[in-house]
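Chain residues, written in single-letter form:
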Amino acid sequence: MSEDYSVELLNAIEAEKELLRLDKILNQANSDYYIKDAPILSDSEYDDLKKRNLDIELRFPTLKLENSVSNKVGAKPSDTFKKIKHSVRMLSLANAFDEQDVKDFDIRVKKFLGNEGKVISYVAEPKIDGLSLSLRYINGELVQATTRGDGEVGENVTANAKTISDIPKNISNAPEILEIRGEVYMSLVDFNKLNAKQEKKNAKIFANPRNAAAGSLRQLNCKITESRPLKFYAYAWGEVSSPIANKQFDAIKKLEEFGFSTNNMTKRCSGHEELISHYKYISNKRADLDYDIDGVVYKVDDLSFQDRLGFRSTTPRWAIAHKFPAEVGQTWLEAIEIQVGRTGALSPVARLKPVNVGGVVVSNATLHNEDYIKGVDSKGELLRNGIDIREGDWVFVYRAGDVIPKISDVDISKRSSKSKPYLFPSFCPECNNRSERIKGDSVARCTGGMTCPAQAVQGLAHFVSRGAFDIDGLGNKQIEQFYELGWVKEPSDIFKLKLRYEKGLKRLENRDGWGQRSANNLFNAIEEKRKIPLNRFLYALGIRHLGETSAALLAKRYKSFETLKQSMDEAYSFSGDSWDELLSIDGVGDILARAIVEAFENSSQRKIIDKLADELDIESELEVLSTGSAIEGMIVVFTGSLEIMSRSEAKISAERLGAKVSGSVSKKTNFVIAGPGSGSKSKKALELGVKVLTETEWLDLINLSNEFNAN
Ligand code: IVH
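Residues numbered from 1 in each chain as written. Predicted model: local features only at pLDDT ≥ 70, side-chain atom pairs only at ≥ 80, totals over all residues. Heavy atoms only, no water.

Chemist: It is not clear to me how the overall build of the chain should be interpreted in this structure. Could you clarify?
Modeler: Counting secondary structure elements, the chain contains 26 helices and 24 strands. The C-alpha atoms of the chain give 28 Å as radius of gyration, which agrees with the globular expectation for 711 residues (27 Å, within 12%). Projected onto its principal axes, the C-alpha positions of the chain cover 80 × 65 × 60 Å. Counting only contacts in the chain whose residues sit at least 6 apart along the sequence, the fraction spanning at least 24 positions is 67%. (Helix = DSSP H or I, 4+ residues; strand = E, 2+ residues; numbered from the N terminus. Rg over C-alpha atoms; globule rule 2.2 N^0.38 Å. Contact = heavy atoms within 4.5 Å.)

Following this line, the structure appears as structure tokens:
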């Protein structure tokens, strides 16, 4: 079994085997590290295995070994790197998998900028398969090197980075503050040499150059890093005290002037056709390159456009990674199993005879849904020429990036004459309640709701998870335990635990690690979370389609739980002002809006929400800090076709200045910005005496007219 696929997909038998395997490796690693002082695993590999072991234990608490390595203390290697908060976040990139995705990206960019008729200039460059690093120079001197970490906070690896010869220690003519970002990687020749050396020493063999680069950079002893042949390509920047260029391409040239290596296949391209032809050029060169690449990155060239396009929650709107096609393997499909998710979705999973796909051993793959197994896609069109997938089939498995492996095809010539079509269960395998597929939905769902243990436990686990209530000491394992005891059936029960079960907890003492101290710690941690910000509360409810970002948008709009609840009640018929207001929030579409209103209107769900709210002090969203703009706090409506800005950019820029953008005109509206073709909304504004502005008047008001005249 490999560590590269998700713990979520393990069944109990696999989990037990995997725990034994990890126990052996981790014990050996502990002894190598602490006793022999001769580690064979890199710190990050050790951390990853330890985390995987813990994740499996949390999922299958009864399988935890008596002497588990999780209970052993010892300096955690990763803690020895100091954490550094990035001054500008290190983001990831959205992916494009085919030419259509690239065209769509180009269309999105043009639409956002309102440049539909024009050709946009981009920069295309290889996506290097290494690990990203941010280098901070103050007055030209390298003072800090930080890994990406989770994008917000990374690890201080300054001493190690200084040993890499591609990284200048001093730069002349640099701005006072200059952060250069790029990829640390290892060439294929160096990777093979390193592995040969490791083999001789009987030391750890690295699976691929990326792991070798990561393991080499994250060494506690910088002498080891120094002995490893690491390289660095610069391709981006973080904080800079003064701009280094106006165009992406010129900025890359500037990085070269500062003394960095940049990739020689970096090219300025006009429009999506040139991007795709450069992608083909790089794909053809790929096999001859002395380093691994896994795609081509496209970035909007004009940096003022990049600024206007800005970011989604974790990826920029101005860049995309066009990935190379996935790696494929072939194997037997041994069984199809059904997993039940938090929202009751029945997800079929393929259990495979383990097979190596591009360096990773795969033994599970997603089968998506009932139709996918039958050979039909979401639009009713045939997949795999309509060939279904059956237990016992010979299948083609592929992996694209880090995502869960998928099955692309079946070799029907190898199908046994005895095989039978897979019968998708009409009952939930966890609770035996009927499963139901609503017309138009590709997913079958268990109808058991909170009576289905799988849904209830996963819903509760979501409730206490990191972005939600994040209660210390209350993880999946404890949730399962309390659920089985019947103590916690719904979220509000968590807040009654202390009152009702203080005595009962004695029953748990000496079992599963509970004692008076740990119980008190848990109660204190729960008490701490009685006061909860509105956005976390909303996210914790586990409403379908409502993620952390949209929960934050709702909190920002409605400010208090009372206002939000009242608005949802008013929107019960999916029409009227409150419904329009909900839909007018940028980032809230029809499907999400319906799910939220339904969650508040469904009587059993509402009971759960109200009982929970009674236990809590839900904090109202604070008014945003003053932006000092003329439109702060105002409600504005855009109507008709805008000619200078696109509708999305207009909305986002108004919100950045503290205004609320609404989809409908009411007495509360301050301005209606009307472009050509505006009809009923301008009329309504006139009737209500609401001020109507042209787009230019609006840009004058918010002081953006100069910026647009310049372009
Ligand atoms: S640009 C805001 N350019 O890919 C965007 N990233 O999936 C910053 N990567 O974390 C990244 N080659 O580690 C960029 N030419 C390139 C890249 C590149 C490799 C990596 C980088 C990043 C990841 C995003």
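Still to come is the rest of the account.
Chemist: Can you walk me through the pattern of salt bridges in this structure?
Modeler: Opposite charge on two side chains lets them pair, provided their charged atoms get close. Within this structure, the stated rule accounts for 40 salt bridges. Here Arg 268 ties to Asp 301 by a salt bridge, and the two come within 2.7 Å at their closest N and O atoms. One end of the pair, Arg 268, is in strand β9 (residues 267-270); the other, Asp 301, is in the loop between β10 (293-300) and α10 (303-309), with 33 residues separating them in the sequence. Residue Arg 268 is classed as partly exposed on the basis of its relative accessible area, which comes to 35%. In this structure Asp 301 comes out as buried when scored by relative accessible area, which is 3%. (Salt bridge = Lys/Arg side-chain N within 4 Å of Asp/Glu carboxyl O. Buried < 20%, exposed > 50% of the residue type's maximum accessible area, 1.4 Å probe, protein only.)

Chemist: I keep staring at the nonpolar core and nothing clicks. Help me out?
Modeler: Most often, soluble globular proteins keep nonpolar side chains buried together rather than apart. If you look at the biggest cluster of nonpolar residues, it comprises 55 residues, and the most contacted ones within it are Ile 494, Phe 537, Leu 554 and Leu 582. Broken down by element, the residue count for this core peaks at seven residues, all from helix α21 (residues 590-601). Residues in contact with Leu 582, not counting those within four places in the same chain, are Leu 554, Tyr 558, Met 568, Val 588, Ala 593, Ile 596 and Val 597. If you look at the next biggest cluster of nonpolar residues, it comprises 33 residues, including Ala 212, Ala 213, Leu 217 and Ala 251. (Core = buried A, V, L, I, M, F, W, Y, C linked by side-chain atoms within 4.5 Å.)

Chemist: Could you clarify how one ought to interpret helix α16 (residues 516-528) in this entry?
Modeler: Think of an α-helix as turning once every 3.6 residues; residues three or four places apart then point the same way. Counted at 1.5 Å a residue, the expected span for α16 with its 13 residues is 18 Å, and the 18 Å between its end C-alpha atoms agrees. Ala 519, Leu 522, Phe 523, Ala 525 and Ile 526 are the residues of α16 that are buried. In a view along the axis of α16, the buried residues occupy a sector of 160°, so they form one face of it. Exposed and facing more than 90 degrees away from the buried side of α16 are Arg 517 and Glu 528. (Expected span 1.5 Å × (residues − 1). Arc of directions from axis to C-beta.)

Chemist: What am I meant to see in the environment of Phe 260 here?
Modeler: In this structure, Phe 260 sits in the loop between α8 (248-257) and β9. Each C-alpha atom, one on Phe 260 and one on Tyr 233, is 7.1 Å from the other, the two residues being 27 residues apart in sequence. Residue contacts for Phe 260: discarding those within four places in its chain leaves Leu 135, Tyr 137, Asp 166, Pro 168, Ile 171, Ile 180, Phe 232, Ala 234 and Leu 255.

Chemist: Teacher, can you tell me more about the pairing of β10 here?
Modeler: Remark: a regular strand shows side chains that alternate across the two faces of the sheet. For β10, the tally of buried residues reaches eight of eight residues, placing the bulk of the element in the interior. Here seven bridges tie strand β3 (residues 121-128) to β10, and the two strands are oriented antiparallel to one another. If you follow Ile 128 over to β10, its bridge partner there is Ile 293. As paired strands, β10 and strand β11 (residues 319-323) are joined by five bridges and run antiparallel to one another. (Pairing = 2+ DSSP bridges.)

Chemist: Looking at this structure, how should I read the packing of helix α19 (residues 561-570) against helix α22 (residues 603-615)?
Modeler: The packing of two helices is summarised by the inter-axis angle and the distance between the axes. For the pair α19 and α22, interaxial distance at closest approach is 13 Å and the crossing angle is 165°. Relative to α22, the element α19 is oriented roughly antiparallel. The handedness of the crossing between α19 and α22 is left-handed. Listed contacts from α22 to Phe 561, Lys 565 and Asp 569 of α19 are Arg 606, Ile 609, Asp 610 and Ala 613. Looking at the contact of α19 with α22 residue by residue, the class counts come to three nonpolar, no polar and four charged. (Axes fitted to C-alpha atoms, helices over the stretch in contact; angles between N-to-C directions. Parallel < 35°, antiparallel > 145°, perpendicular 65-115°, else oblique. Left-handed = near helix turned anticlockwise from the far one by under 90°. Nonpolar A, V, L, I, M, F, W, Y, C, P; charged D, E, K, R; others polar.)

Chemist: What should I look at first to understand the sheet that holds strand β2 (residues 95-96) in this one?
Modeler: Strand pairing in a sheet relies on backbone hydrogen bonds. The paired strands run either parallel or antiparallel. Sheet architecture is open: five strands sit in the order β2-β11-β10-β3-β9, paired in mixed fashion. The open sheet is flanked by β2 and β9, the only strands paired with a single partner.

Chemist: I would appreciate a short explanation of the sheet that holds strand β24 (residues 691-693) in the present structure.
Modeler: Spatially, the four strands line up as an open sheet ordered β22-β21-β23-β24, and their pairing is parallel. Two strands in the sheet have a free side with no partner beyond their single neighbour: β22 (660-662) and β24. Neighbour to neighbour, the strand axes of the sheet diverge by 30° on average, direction disregarded.

Chemist: Whenever I open this one, the environment of Thr 669 confuses me. Can you help?
Modeler: With respect to the helices and strands, Thr 669 occurs in the loop between β22 and β23 (671-674). Thr 669 sits 22 residues away from Lys 691 along the chain, and the two C-alpha atoms are 8.6 Å apart. When near neighbours in sequence (up to four residues on either side) are disregarded, Thr 669 contacts Ile 635, Val 637, Ser 664 and Val 690. Of note is the side chain of Thr 669, whose polar atom sits 2.8 Å from the backbone nitrogen of Ser 666. (Polar contact = N/O pair within 3.5 Å; in protein donor to acceptor, adjacent residues only side chain to side chain.)

Chemist: Explanation requested: the side chain of Asp 190 in the structure shown.
Modeler: For Asp 190, the location among the structural elements is in helix α5 (residues 188-200). The side chain of Asp 190 sits in the buried core without any salt bridge; Lys 193 is the nearest counter-charge, 4.3 Å away. Apart from the residues lying within four places of it in its own chain, the contact partners of Asp 190 are Pro 229 and Lys 231. (Lys, Arg positive; Asp, Glu negative; His and termini not counted.)

Chemist: Hey, could you run me through the site of the ligand in this one?
Modeler: Taken together, 14 residues surround the ligand, and among them Glu 125, Ile 128, Arg 148, Glu 183 and Lys 299 come closest. Residue Leu 93 places a main-chain N or O atom 3.5 Å away from an oxygen atom belonging to the ligand. Between the ligand and Glu 183, the relevant distance is 2.8 Å, taken from an oxygen atom to a side-chain nitrogen or oxygen of the residue. Contact with the protein chains covers 88% of the free accessible surface of the ligand, which is 530 Å². Broken down by secondary-structure element, the contributors of at least two residues to the shell around the ligand are β3 and β10. No other element matches β3, which puts four residues into the shell around the ligand. Considering only residue class, the shell around the ligand consists of seven nonpolar, two polar and five charged. (Near = heavy atom within 4 Å. Areas by Shrake-Rupley, 256 points an atom, 1.4 Å probe, with all protein chains shown as cover.)

Chemist: I would appreciate a short explanation of the side chain of Ser 664 in the present structure.
Modeler: With respect to the helices and strands, the residue Ser 664 is situated in the loop between β22 and β23. Excluding residues that lie within four positions of it along the chain, Ser 664 makes contacts with Asp 580, Val 637 and Thr 669.

Chemist: Explain the packing of α5 against helix α6 (residues 209-217) here, please?
Modeler: Relative to each other, α5 and α6 sit at 70°, their axes nearing to 10 Å. Viewed along their axes, α5 and α6 adopt a mutual orientation that is roughly perpendicular. Between α5 and α6, the contacting residues are Leu 188, Phe 191 and Leu 194 on the first element and Pro 209, Ala 212 and Ser 216 on the second. Across the contact of α5 with α6, the residue classes break down as five nonpolar, one polar and no charged.

Chemist: What am I meant to see in helix α9 (residues 271-286) here?
Modeler: With 16 residues, α9 ought to run about 22 Å at 1.5 Å a step, and its terminal C-alpha atoms sit 23 Å apart, in line with that. Every buried residue of α9 is listed here: Gly 271, His 272, Leu 275, Ile 276, His 278, Tyr 279 and Ile 282. The buried residues of α9 occupy one face: seen down the axis, they fall within an arc of 165°. Those residues of α9 that are exposed and angled more than 90 degrees off the buried face are Glu 273 and Asn 284. Close packing links the buried residues of α9 with α3 (99-113), β3, β9, β10 and β11.

Chemist: Help me understand the confidence of the model for the chain, please; the structure alone is not making it clear to me.
Modeler: In low-pLDDT segments, the atomic positions of the prediction should not be examined closely. Put simply, the chain has an average pLDDT of 88, and 92% of its residues get 70 or more. Predicted confidence for residues 74-78 stays below pLDDT 50, and this span has twelve contacts to residues more than four positions away or in other chains. (pLDDT = per-residue confidence, 0-100.)

Chemist: Can you help me understand the packing of aromatic side chains in this one?
Modeler: The description of an aromatic ring pair uses the distance of the two centres, along with the angle that the planes make with each other. Scanning the entire structure with this criterion turns up 17 aromatic pairs. When the centroid spacing of 5.0 Å and the interplanar angle of 75° are considered together, the rings of Phe 537 and Phe 561 count as edge-to-face. Of this pair, Phe 537 sits in helix α17 (residues 534-540) while Phe 561 sits in helix α19, and the two are 24 residues apart along the sequence. Owing to a relative accessible area of 0%, Phe 537 belongs among the buried residues under this scheme. Of the residues examined, Phe 561 reaches a relative accessible area of 7% and is grouped as buried. Linked through ring pairs, Tyr 137, Phe 232 and Phe 260 together constitute an aromatic cluster. Just above the ring of Phe 574 sits the side chain of Arg 594; from NZ or CZ to the centre is 4.3 Å. (Phe/Tyr/Trp six-rings, centres within 6.5 Å; stacked < 30°, edge-to-face > 60°. Lys NZ or Arg CZ within 6 Å of the ring centre and 35° of its normal.)

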